[in-house]
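Structure at a glance
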Amino acid sequence: MQLRYNYRAYPDASQCRALAKAFGCARVVWNDCLRDRKEAHAAGLPYVTSGELSRRRITQAKRTAERAWLAEVSAVVLQQSLRDLDAAYRNFFDSIKGKRRGRGVGPPRYKSKKDTRQSIRLNTNAFSLQEDGTVYVAKVGNLKVKWSRRLPATPTSLTVTKDSSGRYFLSFVVDTEPAPLPEAGTDTGIDLGLSAFAVLSDGRKIAAPRFLRRAEKKLKRLQRELSRKARGSKNRAKARIKVARQHARVADRRRDFRHKASTQIIRDNQAVYVEDLAVAALGRSRLAKSVHDAGWAAFVGMLEYKAAKHGRTFAKVDRAFPSSQLCSTCGFRDSPKPLHIRKWTCGRCEAVHERDHNAASNVLTEGRRIVATGRVETPNACRAPVRRAPVPAQRGEAGSPRKGQPTQAGIPGLQAREHVNCGTPQPEEDEQPSPLLHHHEYR
């Protein structure tokens with residue numbers, strides 16, 4: 001499997017200028033190639049191939065006075081920008097043909113130098129790990145990196161990113177083998193919510209930290225200061241950076257919390273079952289801010305890839321499954337209940353249930369049934385009574401070929417340190433099923 005390791009980089013002034021130039025050249029190649037394909041499509045001409053675009057917009061463009069500055073950056077950066085455009089078109093075509101699962105993907109769009117996020121992607125021919133712990137990037141230099149953990153294998157790809165707050169990150173894609181954890185004798189069902197972030201079937205509750213709500217007071221003050229600055233002024237640019245940094249802190253804290261919670265759940269349980277919530281739909285309701293602050297989708301994604309990495313069982317229960325209406329004791333289906341009802345009594349066995357704990361217990365039972373029958377969801381769950389079977393729980397970016405300039409696995413100075421196995425990682429991204437599993441680190 002492929003994992004992504006993210007590290008903070010600290011380029012100096014000259015390296016920042018070189019990276020800004022690389023970001024700009026990659027953006028120009030993307031826009032030029034996209035424009036050629038759009039114009040060909042509008043004129044009814046055949047689809048312009050990647051080879052033709054590479055010859056026209058990279059090789060020949062460097063020889064012109066208008067685009068001569070493209071030669072000042074690594075050719076790998078320009079070629080990878082064209083490959084990224086091809087991937088964007090491929091995802092768009094697969095989406096409209098029904099080959100791509102999940103939400104629809106639109107056609108590629110032009111990039112702007114005012115975008116808050118800038119990035120370039122490199123293969124192994126354009127970067128290498130140095131003995132002194134720096135990372136060499138072609139025509140940029142040796143970048144100083146904060147290594148929070150050693151790389152488990154030789155990286156196959158590198159993405160250099162500058163976020164909206166002005167921070168630089170190096171994201172390595174690494175091919176690794178699964179690392180199964182010792183077998184655990186328990187399994188759990190998880191009910192996600194807003195009052196409590198997660199309630200487990202064994203009764204444990206994970207409190208909702210509400211990072212955005214806690215930072216709202218400071219964010220409002222910074223946003224007011226930004227709105228008072230004149231557009232286009234340097235003071236407005238400084239105020240925008242302050243707002244972006246505060247949002248970055250909120251996002252980092254939320255990501256760190258999700259990683260710690262998901263890692264602990266995976267370590268403690270052999271099987272994990274969670275309800276497949278319609279987060280996108282809930283994000284358009286009156287609870288939108290709280291739903292986005294909770295970050296359910298990213299949390300479920302972390303559970304899924306960590307279960308695959310550590311040899312755990314993971315399954316999603318269909319969102320139509322009436323987990324809040326079923327009695328976890330006798331299986332009787334009661335009437336629908338509004339959100340303000342937190343406790344209720346079963347009409348058949350008269351058992352008193354706490355809403356979230358009862359839902360988590362039902363998710364656990366349904367997850368066991370899904371794994372036992374080999375199904376991926378609950379059939380007809382919203383229309384037919386659920387029959388419970390008493391069965392026990394049963395046991396996005398491709399890397400480049402390793403050729404040319406070799407890279408070194410691990411970081412000098414960290415070889416003797418103990419490798420932290422998925423303790424508090426912090427990545428992007430992000431996600432639909434993909435062999436690329438994101439594993440980020442922000443320090």
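Before reading further, recall that the structure is shown in the block above.
Below, the structure is looked at part by part. Keep in mind it's a predicted model, so treat the numbers as computed, not measured.

A closer look at helix α3 (residues 75-97)
- Relative to the 33 Å expected for 23 residues at 1.5 Å per residue, α3 spans 33 Å between its end C-alpha atoms, a close match to the ideal helical length.
- Restricting attention to buried positions, one finds in α3 the residues V76, V77, L78, Q80, S81, L82, L85, D86, A88, Y89, F92 and S95.
- In this structure, the buried residues of α3 make contact with α1 (13-42), α2 (50-59) and β2 (118-122).

Brief notes about unusual backbone geometry
- The phi torsion at K139 lies on the positive side, around 60 degrees, for a residue other than glycine.
- Within the fold, K139 resides in the loop between β4 (135-137) and β5 (141-143).

A few points about the pairing of strand β7 (residues 155-162)
- Most of β7 sits inside the fold, with seven of its eight residues counted as buried.
- In terms of strand pairing, β2 meets β7 through five bridges, oriented antiparallel. The partner of L122 across the bridge, within β7, is L158.
- Where β7 lies against strand β8 (residues 168-175), seven bridges are found, and the strand directions are antiparallel. Bridging across to β8, V160 finds its partner in L170.
- Turn length for the β7-β8 hairpin, with the two strands adjacent in sequence and antiparallel, is five residues, and the turn residue G166 shows positive phi of about 90 degrees.

Here we look at the packing of aromatic side chains
- Under the defined criterion, the tally for this structure stands at 11 aromatic pairs.
- Aromatic pair Y7 and F172: ring centres 5.9 Å apart, planes at 65 degrees, arrangement edge-to-face. Here Y7 is found in strand β1 (residues 2-9), whereas its partner F172 is found in strand β8, with 165 residues between them in sequence.
- Look at F172 and you get buried, because its relative accessible area is 0%.
- With 5.8 Å between their ring centres and 35 degrees between their planes, Y89 and F93 make a pair best called tilted. Of this pair, Y89 and F93 both sit in helix α3, four residues apart, which is roughly one turn of the helix.
- Residue class for F93 comes out partly exposed when judged on its relative accessible area of 30%.
- Taken together, the ring pairs connect Y7, F127, W147 and F172 into an aromatic cluster.
- The ring of W30 carries K111 above its face, with NZ or CZ at 4.2 Å from the centroid.
- A cation sits over an aromatic face here: K337 above W344, 4.0 Å from the ring centre.

A few points about the sheet that holds β4
- With respect to topology, three strands assemble into an open sheet ordered β3-β4-β5, the strand pairing being antiparallel. Sheet topology places β3 (127-129) and β5 at the edges, where each strand pairs with a single neighbour. The mean angle between the axes of side-by-side strands here comes to 25 degrees, regardless of whether they run parallel or antiparallel.
- Of the pairings in the sheet, the one linking β4 to β5 comprises three bridges and is antiparallel in character. Paired with Y136 across the two strands is N142, which belongs to β5.

About the criteria used
Residues numbered from 1 in each chain as written. Predicted model: local features only at pLDDT ≥ 70, side-chain atom pairs only at ≥ 80, totals over all residues. Heavy atoms only, no water. Helix = DSSP H or I, 4+ residues; strand = E, 2+ residues; numbered from the N terminus. Expected span 1.5 Å × (residues − 1). Buried < 20%, exposed > 50% of the residue type's maximum accessible area, 1.4 Å probe, protein only. Contact = heavy atoms within 4.5 Å. Pairing = 2+ DSSP bridges. Phe/Tyr/Trp six-rings, centres within 6.5 Å; stacked < 30°, edge-to-face > 60°. Lys NZ or Arg CZ within 6 Å of the ring centre and 35° of its normal. Axes fitted to C-alpha atoms, helices over the stretch in contact; angles between N-to-C directions.

Read these as geometric descriptors, not functional statements.
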